[in-house]
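Summary of structural features
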Amino acid sequence: MTTPLPHPRGGLYFEDFSVGRVFRHRLTRTVTQMDNMLFSNMTLNPQPLHIDAHFCATETEWGRPLMNSLFTLGLMIGISVNDTTVGTTIANLGMTDVVFPAPLFEGDTVRAETEVLSVRASKSRPDAGLVEFRHRAFKQDGTLVAECRRTAFMRRRGPEVLSA
C-alpha cells in the first residue's frame, strides 16, 4: 500500500483537503511600524491613517496608525501557506467576503487559522481542483482582526508523488 506524501516543499495536494478540516497555523508574527510604512509606500498608498502618527493622534479615533488592511490580508494568507499550499497552488482564483472587524496596530501579534469550505475537481483540467478556504486572523488577545474566503486552484497528486 502506498502512502501519499506532501509536495517536496511541504504543500498539500487537492486530494489532501477535506471539507471541515481546520488548520491552526503555528507561525505567528508581531507587526511593526516598518511593516506598515514599507507596505504602504511599496503600494503607493499615501493614506495618513497608516503612515502619519501625528494625523492619527490628532484626527482619528484610534490615536495611532492602523496597520494597512491589505498588509493584514496578505499576512493572514501568507501565514497559511506553509501548512497548506506551498508548492501546490497553481493560482489564486479570488477572494471574497473580506472583513476587518477590529483594528490591528503596531506591536500586535497575529495568528491565523484556515478552514476548508469546499473542494471540487476542475471541469477543464484533470490535473487540478478548486479548494475554497476561510482564513481568519486574530491578535494576541483573541480578537478577530481579518477574515476572508479564498478559492485556490490546486495541483492534483500525480503518480510520481506516491511512495511505498
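You'll find the structure just up there.
Residues numbered from 1 in each chain as written. Predicted model: local features only at pLDDT ≥ 70, side-chain atom pairs only at ≥ 80, totals over all residues. Heavy atoms only, no water.

1. Quick look at the side chain of His135
The cut-off we apply is this: Strands are runs of DSSP state E lasting at least two residues, helices are runs of H or I lasting at least four, and both sets are numbered from the N terminus onward. The classification of residues rests on relative accessible area computed with a 1.4 Å probe and restricted to protein chains. Under 20% of the type maximum is buried, over 50% is exposed, and intermediate values are partly exposed. In the analysis that follows, any N or O atom pair within 3.5 Å is treated as a polar contact, provided that within protein one partner can donate a hydrogen and the other can accept it, and provided that, for residues neighboring in sequence, both atoms belong to side chains. By definition in these notes, contact holds between two residues if any of their heavy atoms fall within 4.5 Å.
Looking at the element boundaries, His135 is found in strand β6 (residues 128-139). His135 sits in the buried class, given a relative accessible area of 1%. Here the side chain of His135 touches Thr114 through a polar contact of 2.9 Å, side chain to side chain. One polar contact links His135 to Arg150, side chain to side chain, over a distance of 2.9 Å. With near-sequence residues (within four places) excluded, His135 lies in contact with Met76, Ile77, Ser80, Glu113, Thr114, Ala146, Glu147, Cys148 and Arg150.

2. Some words on the pattern of salt bridges
Put simply, the rule reads: Any carboxyl oxygen of Asp or Glu within 4 Å of a side-chain nitrogen of Lys or Arg constitutes a salt bridge here.
Under the criterion given, the structure shown has 13 salt bridges. A salt bridge links Glu15 to Arg156; its shortest N-O distance comes to 3.1 Å. Of this pair, Glu15 sits in the loop between β1 (3-4) and β2 (22-24) while Arg156 sits in the loop between β7 (144-155) and β8 (162-163), and the two are 141 residues apart along the sequence. Among the salt bridges present, the one from Arg134 reaches Glu115, with a minimum N-O distance of 3.0 Å. Taken as a pair, Arg134 in strand β6 and Glu115 in strand β5 (residues 109-121) lie far apart in primary sequence, 19 residues in all. Note on Arg134: relative accessible area 23%, which makes it partly exposed. Members of the salt-bridge network, linked through shared partners, are Arg24, Glu113, Glu115, Arg134, Arg136 and Glu147.

Nothing here speaks to function; it is geometry throughout.
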